[in-house]
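Here are the chains, one letter per residue:
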Amino acid sequence: EPEVTQTPSHQVTQMGQEVILRCVPISNHLYFYWYRQILGQKVEFLVSFYNNEISEKSEIFDDQFSVERPDGSNFTLKIRSTKLEDSAMYFCASSEGLGTDYEQYFGPGTRLTVT
Amino acid sequence: DAKTTQPNSMESNEEEPVHLPCNHSTISGTDYIHWYRQLPSQGPEYVIHGLTSNVNNRMASLAIAEDRKSSTLILHRATLRDAAVYYCILGGVGDDKIIFGKGTRLHILP
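Conventions adopted
Residues numbered from 1 in each chain as written. Chains lettered and ligands numbered in written order. Predicted model: local features only at pLDDT ≥ 70, side-chain atom pairs only at ≥ 80, totals over all residues. Heavy atoms only, no water. Helix = DSSP H or I, 4+ residues; strand = E, 2+ residues; numbered from the N terminus. Rg over C-alpha atoms; globule rule 2.2 N^0.38 Å. Buried < 20%, exposed > 50% of the residue type's maximum accessible area, 1.4 Å probe, protein only. Contact = heavy atoms within 4.5 Å. Areas by Shrake-Rupley, 256 points an atom, 1.4 Å probe, with all protein chains shown as cover. Lys, Arg positive; Asp, Glu negative; His and termini not counted. Charge placed at Lys NZ, Arg CZ, Asp CG, Glu CD. Pairing = 2+ DSSP bridges. Disulfide = S-S within 2.5 Å.

Draft legend 1. Inspection of the overall build of chain A at higher detail. Of the regular secondary structure elements, chain A holds 0 helices and 11 strands. When the helices and strands of chain A are read in sequence order from the N terminus, they spell out β-β-β-β-β-β-β-β-β-β-β. Taking 115 residues into account, the globule formula puts the C-alpha radius of gyration at 13 Å, and chain A, at 13 Å, falls close to it. In terms of overall dimensions, chain A has C-alpha extents of about 40 × 30 × 30 Å along its principal axes. Expressed as a percentage of the 115 residues in chain A, the buried residues total 45%. Partitioning the contacts of chain A with sequence separation of at least 6, the portion at a separation of at least 24 is 55%. When the accessible surface of chain A is summed, it comes to about 5,900 Å², and 44% of that surface belongs to carbon and sulfur atoms. With 9 positive and 16 negative side-chain charges, chain A shows a spacing of 7 Å between the two charge centroids.

Draft legend 2. Just the sheet that holds strand β5 (residues 55-56) of chain B, in detail. All names here are of chain B. Here we have 4 strands laid out as an open sheet, ordered β2-β7-β6-β5, and antiparallel in their pairing. Each end of this open sheet is capped by a strand with a single partner; those strands are β2 (18-23) and β5. When β2 meets strand β7 (residues 70-75), the two strands line up antiparallel, connected through 6 bridges. Within β7, the residue paired with Pro-21 across the bridge is Thr-72.

Draft legend 3. Spatial organisation of the state of the cysteines. Residue and element names in this part refer to chain A. Enumeration according to the criterion identifies 2 disulfides over all chains in this entry. The disulfide bridge from Cys-23 ends at Cys-92, spanning 1.9 Å between sulfur atoms. An S-S torsion of about -65° defines the bridge between Cys-23 and Cys-92 as left-handed. Separated by 69 residues along the polypeptide, Cys-23 in strand β3 (residues 19-24) and Cys-92 in strand β9 (residues 88-95) bring together distant segments of the chain.

This is the structure:
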């Protein structure tokens, strides 16, 4: 069964450093998402991406965040200057179509620890 | 702003059916009802969704009230692996994001 993969599984970085989280969505999917989950809290939407553009972003997704699909298979989330409060699990997801009539497939997540 | 209401936690015995309730009294006519679950230390996983009619798939059944103001996710025979947080989520046709609430933490007793 096709699945979304994410690398690395765990990333430790120092405050102020840049990090790039990588995702490989399911190959025939056209819509891509990033969510995050701070330990013990709800899963929060960050951004959706379609046709090489951001479709929607939350207020969490400020200028420190960016997304890219550099090569037609990878989908990346970059945090330019990490803060302690960026420590969380980051989940990538993809879907075949737009809208909640289509299920989103989530990856296993990357645990980001900012020290 | 919560669009769905679920119990914080539930318990069930292994190999018995589980009925997970969800209230969504402000649902609009075009909102789909989705269920996702999150197993421990994993990403969310799609379970089932529906609009008006009851739905069945290999994982579960979804029973939707006639007025659509509530729904129930049914796991026909719970296993230990079904211990997870279950999220009931509403979404319109044009929505492209999932708004997760706190969900129901389901404990399965061996």
